[in-house]
Amino acid sequence: AQLLHRLSRSSKMPWSMASFHVVRVRASWTALLALSHFIYLLAGATIFRILEREAENYNRNHFLMEKLNFLANYTCLDGDALEYFVKVILYAKKNGVNPSGNSTNPSNWDFSSSFFFASTVITTIGYGNLSPSTVSGQVFCVFYAFCGIPLNLAFFKQLGKCFTIHLGRLEKGLVSVVPHKAVAASLFFIAGTFLFLVIPPLLFSYVEGWTYGEGFYFAFITLSTIGFGDYVVGTNPGKTYIYLYRSVAGIWIIFGLAWLALIFNMAASIMEHVLDQTYPSLRKQREAENMPSSEIEATSKI
């Protein structure tokens, strides 16, 4: 009986050792990614602080000086009245009303603008410059996003498959000319860059009065779903826009997001490939991490 008990314990040891090995591999690979992620965040925070802190202090001091000059020039106003007026302006800005201009400013909720807003909801861009102000609008926005975001992800997934299929066809068409997949991927990247990131800023610069750099910045921040809201198309009260301008921008966002998401996935795959070539042990770790439990058990039995 003792011999059978020892044999049964010894037969379980390979499985236990294999499980322990997989857990250790998962922990090491996860720790490496977490450490890299944290270091990247620290580097970004440090650089942004260096680049933006001085400008923030200047803008703050400039605003305070402008307030003091305004009170000095208009002695009929006191500080409390000015602060109240500033709060009114901020409240208007928060609710999507541009404080500059007059009542003839274009509506934020005509069909074109509403279509643009709906596209920013389901794509999770969320510029922050416009949001529902009524309770019914906020409730509907929650349910609309709850149903629309999964639908949008499914659409992006299918659109990514279509892009991949066309990329494969492009590879087959070019294999007789230049037998290298990198050429097809490069052409796909270049064509998409011109279509979604190079040409649209030219249009935005012309319509919005931005510089090309500002238009390119808006395009990338939008298509990467960062969406700060510092630049948004169709919001200048001094401009007269074509009725479907923002609707067309919404369609550009949807297809541009799908293209850029595929580019990001390709970039991640390239990074993994480079790491595999540089550090072969990392590839073995990921393979062990992704190995199903049935294969681990079979391997341990062998």
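Bear in mind that the values here come from a model prediction, so they are computed numbers and not experimental data.

Thresholds applied
Numbering of residues begins from 1 in every chain and follows the order in which that chain's sequence is written. Predicted model: local features are reported for residues with pLDDT of at least 70 only, side-chain atom pairs are reported and counted for 80 or more only, and whole-chain, interface and lining totals are derived from all residues. No hydrogens and no water enter the side-chain calculation; it runs on all heavy atoms of the structure. We call Phe, Tyr and Trp rings a pair once their centres come within 6.5 Å, taking the six-membered ring for Trp, and we label the pair stacked below 30 degrees between planes, edge-to-face above 60, and tilted otherwise. Put simply, DSSP H or I for four residues or longer makes a helix, DSSP E for two residues or longer makes a strand, and each gets a number counted from the N terminus. The classification of residues rests on relative accessible area computed with a 1.4 Å probe and restricted to protein chains. Under 20% of the type maximum is buried, over 50% is exposed, and intermediate values are partly exposed. Lining residues are defined by having an atom within 4 Å of a point belonging to a cavity or pocket. Those points lie on a 1 Å grid over the protein atoms alone, cavities being sets where a 1.4 Å probe fits but cannot get out and pockets being open sets with protein on both sides within 12 Å along at least five of seven lines. Grid points are joined across faces, edges and corners, and a volume is the space filled by probe spheres set on the points. Polarity classes work like this: nonpolar for Ala, Val, Leu, Ile, Met, Phe, Trp, Tyr, Cys and Pro, charged for Asp, Glu, Lys and Arg, and polar for all others, with Gly in that last group. UniProt positions are given in the numbering used here, feature names are shortened, and annotations may be inferred rather than shown by experiment.

A. Region of the structure containing the packing of aromatic side chains. In this structure the tally under the stated criterion is 18 aromatic pairs. Consider the rings of Phe204 and Trp252, whose centres lie 5.3 Å apart with planes at 70°: the pair is edge-to-face. A residue pair is termed long-range when its members are at least 10 positions apart, and Phe204 in helix α5 (residues 181-208) and Trp252 in helix α7 (residues 245-278) qualify at 48 residues. The exposure class assigned to Trp252 is buried, which follows from its relative accessible area of 12%. With 5.8 Å between their ring centres and 80° between their planes, Tyr217 and Tyr231 make a pair best called edge-to-face.

B. View of empty space enclosed by the protein. Applying the stated rule across the entire model yields one cavity of 30 Å³ or more. In this structure, the largest cavity spans a volume of roughly 30 Å³. Looking at the largest cavity, the residues that line it are Tyr127, Tyr217, Phe218, Ile221, Thr222, Phe228, Gly229, Asp230 and Tyr231. Residues of the lining of the largest cavity, tallied by class, amount to six nonpolar, two polar and one charged.

C. Local environment of the UniProt feature "transmembrane region" (unreviewed entry) in the chain. Residues given the UniProt feature "transmembrane region" (unreviewed entry) here are residues 29-51, 111-130, 136-156, 182-203, 215-233 and 245-271. Between the end C-alpha atoms of residues 182-203 the distance is 31 Å, and the span holds 100% helix and 0% strand. In this annotation, residues 215-233 is assigned 47% helix and 0% strand; the end-to-end C-alpha distance for the span is 10 Å.

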